[in-house]
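This is what each chain is made of:
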Amino acid sequence: MLRIENLHVSVEGKPILKGIDLNVKAGEVHAIMGPNGSGKSTLAHVLAGRPGYEVTAGRVWYQGKDLLAMAPEERAREGLFLAFQYPVEIPGVSNIYLLKAALNAIRKHHGLNELDAMDFLATVKDKTRLLDMDEQFLYRAVNEGFSGGEKKRNEILQMAVLEPKLAILDETDSGLDIDALKIVAQGINALRSEKRAFILVTHYQRLLNYIKPDRVHVLAHGSIAKSGDAGLALELEKQGYGWVEQLADAGA
Amino acid sequence: MSANAQTLEQLIGHEYKQGFVTDVETDFFPPGLNEGTIRALSAIKKEPEFMLEWRLAAYRHWLTMKSPEWAHVSFPPIDYQAISYYSAPKTQADGPKSLDELDPELLETYKKLGIPLAEQERLAGVAVDAVFDSVSVATTFKEKLAEAGVIFCSFSDAVQEHPDLVRQYLGTVVPYTDNFFAVLNSAVFSDGSFVFIPKGVRCPMELSTYFRINAANTGQFERTLIIAEDDAHVSYLEGCTAPMRDENQLHAAVVELIALDRAEIKYSTVQNWYPGDKEGKGGIYNFVTKRGACRGVRSKISWTQVETGSAITWKYPGCILQGDHSVGEFYSVAVTNNYQQADTGTKMIHIGKNTSSTIISKGISAGHAQNSYRGLVKILKGAENARNYTQCDSLLIGDRCGAHTFPYVVVKQPTARVEHEASTSKISEDQLFFCQQRGLSMEDAVSMIVNGFCKEVFKELPMEFAVEAQALLGISLEGSVG
Ligand SMILES: Nc1ncnc2c1ncn2[C@@H]1O[C@H](COP(=O)(O)OP(=O)(O)OP(=O)(O)O)[C@@H](O)[C@H]1O
Ligand SMILES: [Mg+2]
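Residues numbered from 1 in each chain as written. Chains lettered and ligands numbered in written order. Predicted model: local features only at pLDDT ≥ 70, side-chain atom pairs only at ≥ 80, totals over all residues. Heavy atoms only, no water.

Colleague: Please set out the interface of chain B and chain A residue by residue, giving values where relevant.
Modeller: Across the contact, 18 residues belong to chain B and 31 residues belong to chain A. Summing the contributions of chain B and of chain A, the shared interface buries around 2,000 Å²; its carbon and sulfur component is 65%. Area buried by chain B at its contact with chain A is led by F433, F434 and R438 of chain B, which between them contribute 36% of it. Across the contact surface, chain B and chain A share two salt bridges. When the shortest N-O distance is used, the salt bridge between R438 of chain B and E155 of chain A registers 2.8 Å. Put simply, chain B and chain A have ten residue pairs in polar contact (both at pLDDT 80 or more) between them. Elements that contribute at least two residues to the side of chain B that touches chain A include exactly α9 (429–437) and α10 (442–453) of chain B. By residue number, the principal contributor to the side of chain B that touches chain A is α9 of chain B, which donates seven residues. Partitioning the side of chain B that touches chain A into residue classes produces eight nonpolar, seven polar and three charged. (Contact = heavy atoms within 4.5 Å. Buried area = accessible area lost by both parts, 1.4 Å probe. Salt bridge = Lys/Arg side-chain N within 4 Å of Asp/Glu carboxyl O. Polar contact = N/O pair within 3.5 Å; in protein donor to acceptor, adjacent residues only side chain to side chain. Helix = DSSP H or I, 4+ residues; strand = E, 2+ residues; numbered from the N terminus. Nonpolar A, V, L, I, M, F, W, Y, C, P; charged D, E, K, R; others polar.)

And the structure:
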């Protein structure tokens, strides 16, 4: 589904990612961990096509296509979803309006009709229930006045409605209380399927107790210092990042 | 500036879709202004003596005045002798016509503008008065409205058919000595709309006037007068467009509203005059005086305006809150782009007890545009417990445009309460990227964010017009990406 080859990225002339290789197959869940500032969000943003990043080397294949050549909205319509670490507020635009506009843009791209208003409402209400969100959130302006945890949950609601093929969740677990974490994890698990892949960026083993990853990668100083199975996350929890960072430095 | 901000700027560069010219034969005056012009104009309209006298009084007063310079706009001096003060399609030269007799070119023009005049085509049940250059060419649903006792006709017809009403109310809100452009209008106004809603009547449909400037080198000086007697209600919409021309054209209108006891007037404007090209060449100078008098107790006047057009906009729809417990409202969205300049806002004058006013102003600037909010809230001594709430928000797109706020507050009554809130924001790249990441195109993202910003104003527009206004904003922000 996603193949990253030797990806180098700079921001304002400063190299941030220094040769990332990653292969994510349909049906898999990959966790990306790593210390603050190691480049996790940068990787997520580059995959989603955020302007301001310069790819200095490497390629990214998504469903057989050259991902880096696609416009951000095209990536989204082709099923790439990013749950933001810091979701933005859009005053005056209701959540439900955004969801409808987004879903219809994606459907149109695939040659489908706009969803009937009643069907759409039913689907969306279903998903709010799945995430244990009050329906009134649908009619509030996107993220405006939402608590930190509510914003994160709102990202997952959008994911649930848009049903992406590849979902990249950037620290969706940060800021969630214990109950919310469980609910969000359930929401993610409900979406897991053979055809869908997840990249979970997280600092905590906690999330991985609920969503078992197939692979865990540790990002340090802009490259993947170590990859392993779910056990690696446990090890990191015990020992911290120090030893992997040393590995990265040794490799570099 | 980042790549995203640049594409955003390109996006805002919009095409004006109403810029075509209609080829009709016209009767017109050669350029120039003197007493003779005014006498000729009055004669061609077969006006009663009082009307001519009023015009001449205004003209003589105007000669003593100077063009105002306090607004935050700049333009070269206007040569009033270079303007033609009358232009009318030939077929309209003598008296009102039925739609069947209307020049097909004109029908086609309004159809192209999205205003099918043929009544049977109207689904929405909105009565339309169509003003083409200096004259009203058609008014629809006249008979149906008459059944309800509502008078809705061109100003010229009103002068002929209801001279007493015109005489009683004309100039009582905006006197012929008011301001430079209003005084000029009083002298040379050519047509406009007249609305009278008698006691206790709720106007059975929305009324609207559509102003179209077509001829070159003409000014449009229309005058609208709306009277709602006790317990009467009316909702009125005004729309405007003009062809694209390199020269600037002057539009100096006057609107007077009068609300008696418990009457309500809702006046909505979707203004889409030609704004000039990307370099700031051409476009309409829109210098307009709009004022409403809440004369009666518990009367209410509400102004809603969506302004996307004009090279220069200079207007301050206001309310004079005379009646106790009367209410004034002003909801405004003003979009300026390229080299457009807007100096707009409102005046709320509180005279009666327990009067209240609300001002919500949303200014959007892009390109090199300058957008100013200028508002006056004046609370006179007798206005016990008067209240005002003002909110001014500005949205900037790009970094070469400007937003300015000039609030003036005068309070002479200690029990009054006046609140003012202001904010300035930018469409952030984070917001744009977020929307694109959800699958929206850049165009749709900008339009969604801008519409969200304007929501409080759009919800005040009548249903059909809200849709039109949103579409208009969409067009204003449309363009090729990247
Ligand atoms: N626009 C920018 N200008 C300069 N440096 C930047 C910019 N964006 C990111 N960086 C730098 O790139 C590095 C990686 O940032 P990134 O946000 O990807 O880290 P992260 O791994 O997601 O960290 P965290 O765990 O704190 O979220 C940091 O050192 C950051 O300061
Ligand atoms: Mg991060």
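Colleague: Describe the state of the cysteines, and please don't skip the residues or the numbers.
Modeller: Residue and element names in this part refer to chain B. What the rule picks out here adds up to zero disulfides over all chains. Take C401: it sits in no disulfide, and the sulfur closest to it among the cysteines is that of C454, at 14 Å. Looking at C401, the relative accessible area reads 12%, which means it is buried. Between C454, a cysteine without a disulfide, and C392, which holds the nearest cysteine sulfur, the sulfur-to-sulfur distance is 14 Å. (Disulfide = S-S within 2.5 Å. Buried < 20%, exposed > 50% of the residue type's maximum accessible area, 1.4 Å probe, protein only.)

Colleague: Talk me through the packing of helix α5 (residues 148–162) of chain A against helix α6 (residues 178–191) of chain A; I want residue IDs and the actual numbers.
Modeller: All names here are of chain A. Packing of α5 against α6 leaves a shortest axis separation of 10 Å and a crossing angle of 15 degrees. Relative to α6, the element α5 is oriented roughly parallel. The interaxial crossing formed by α5 with α6 has left-handed handedness. Taking contact as the criterion, the partners of R153, I156, M159 and A160 in α5 are, on α6, A180, I183, V184, I188 and L191. In terms of residue class, the contact of α5 with α6 is made up of eight nonpolar, no polar and one charged. (Axes fitted to C-alpha atoms, helices over the stretch in contact; angles between N-to-C directions. Parallel < 35°, antiparallel > 145°, perpendicular 65-115°, else oblique. Left-handed = near helix turned anticlockwise from the far one by under 90°.)

Colleague: Before we move on, can you summarise the sheet that holds strand β10 (residues 197–201) of chain A with the specific residues and values?
Modeller: Residues and elements named next belong to chain A. Spatially, six strands are ordered β6-β9-β10-β3-β11-β12 in an open sheet, and the strand pairing comes out mixed. Only two strands of the sheet have a single partner each, and these edge strands are β6 (80–83) and β12 (223–228). Averaged over all adjacent pairs, the angle separating strand axes in this sheet is 20 degrees, with direction ignored. Two elements, strand β11 (residues 215–220) and β12, share five bridges in a ladder whose sense is antiparallel. The residue bridging V218 from the neighbouring strand is K226, located in β12. Helix-sheet contacts for helix α8 (residues 230–239) involve β3 (29–33), β11 and β12, and the interaxial angle to β11 is about 45 degrees. (Pairing = 2+ DSSP bridges.)

Colleague: Any chance you could break down the side chain of T172 of chain A for me, citing the residues and the numbers?
Modeller: Residue and element names in this part refer to chain A. Turning to its location among the elements, T172 is positioned in the loop between β9 (166–170) and α6. What makes T172 buried here is its relative accessible area of 5%. Non-local contacts of T172, meaning those with residues more than four positions away in its chain, are made with A83, K152, I156, V184 and V201.

Colleague: Let's hear about the coordination of the magnesium ion (ligand 2): which residues, and what values?
Modeller: Residue and element names in this part refer to chain A. Donor atoms from the polypeptide that bind the magnesium ion (ligand 2) are S41 (OG) and Q85 (OE1), placed at 2.0 to 2.2 Å. Residue S41 is located in helix α1 (residues 40–48), and its partner Q85 is located in the loop between β6 and β7 (90–94); the two are separated by 44 residues in the primary sequence. Residues S41 and Q85 agree in their burial class; the two are buried. (Donors = N, O, S within 2.8 Å, 3.2 Å for Na, K, Ca; no water.)

Colleague: Requested: an account of the site of ligand 1, with residues and values cited.
Modeller: Residue and element names in this part refer to chain A. Around ligand 1, the surrounding shell holds 15 residues, and the nearest of these are G37, K40, S41, T42 and H203. One of the side-chain N or O atoms of K40 is found 2.8 Å from an oxygen atom in ligand 1. S41 places a side-chain nitrogen or oxygen 2.8 Å from an oxygen atom of ligand 1. Surface burial for ligand 1 is 66%, taken as the share of its 640 Å² of free accessible area covered by protein chains. Residue assignment for the shell around ligand 1 shows that the elements contributing at least two residues are β2 (14–24) and α1. (Near = heavy atom within 4 Å. Areas by Shrake-Rupley, 256 points an atom, 1.4 Å probe, with all protein chains shown as cover.)

Colleague: Which residues make up empty space enclosed by the protein, and what values go with them?
Modeller: Residue and element names in this part refer to chain B. Scanning the model with the defined rule gives five cavities of 30 Å³ or more in all. Taken as a whole, the largest cavity holds about 110 Å³ of empty space. Lining the largest cavity are 15 residues, and of these S361, G363, N371, S372 and Y373 lie nearest its centre. Elements represented by at least two residues in the lining of the largest cavity include exactly β17 (327–336), β19 (356–366), β20 (370–379), β21 (387–397) and β22 (402–411). Taken together, the residues of the lining of the largest cavity sort by class into four nonpolar, nine polar and two charged. (1 Å grid on protein atoms, 1.4 Å probe; cavity = no way out; pocket = protein on both sides within 12 Å on 5 of 7 lines; lining within 4 Å. Points joined across faces, edges and corners; volume = space filled by probe spheres on them.)

Colleague: Requested: an account of the environment of K142 of chain B, with residues and values cited.
Modeller: Residues and elements named next belong to chain B. Topologically, K142 is positioned in helix α5 (residues 142–147). With 13 residues separating them along the chain, K142 and D129 place their C-alpha atoms 9.5 Å apart. K142 has contacts with F152, C153 and D157, leaving out every residue within four places of it along the chain.

Colleague: Any chance you could break down the environment of A101 of chain A for me, citing the residues and the numbers?
Modeller: Tracing the chain through its elements places A101 of chain A in helix α3 (residues 95–109). Setting aside residues up to four positions removed in sequence, A101 of chain A forms contacts with L440 and M448 of chain B.

Colleague: Tell me about helix α3 (residues 49–63) of chain B, residues and numbers included.
Modeller: Residues and elements named next belong to chain B. Between its terminal C-alpha atoms α3 stretches 21 Å, which fits the 21 Å expected from 15 residues at 1.5 Å a residue. What α3 keeps buried is the set F50, M51, L52, W54, R55, L56, A58, Y59 and W62. As for α3, its buried residues are in contact with α2 (35–44), α6 (155–161), α7 (163–169), α8 (180–188) and β8 (223–228). (Expected span 1.5 Å × (residues − 1).)

From the geometry alone we can't say anything about function, so treat these as descriptive.
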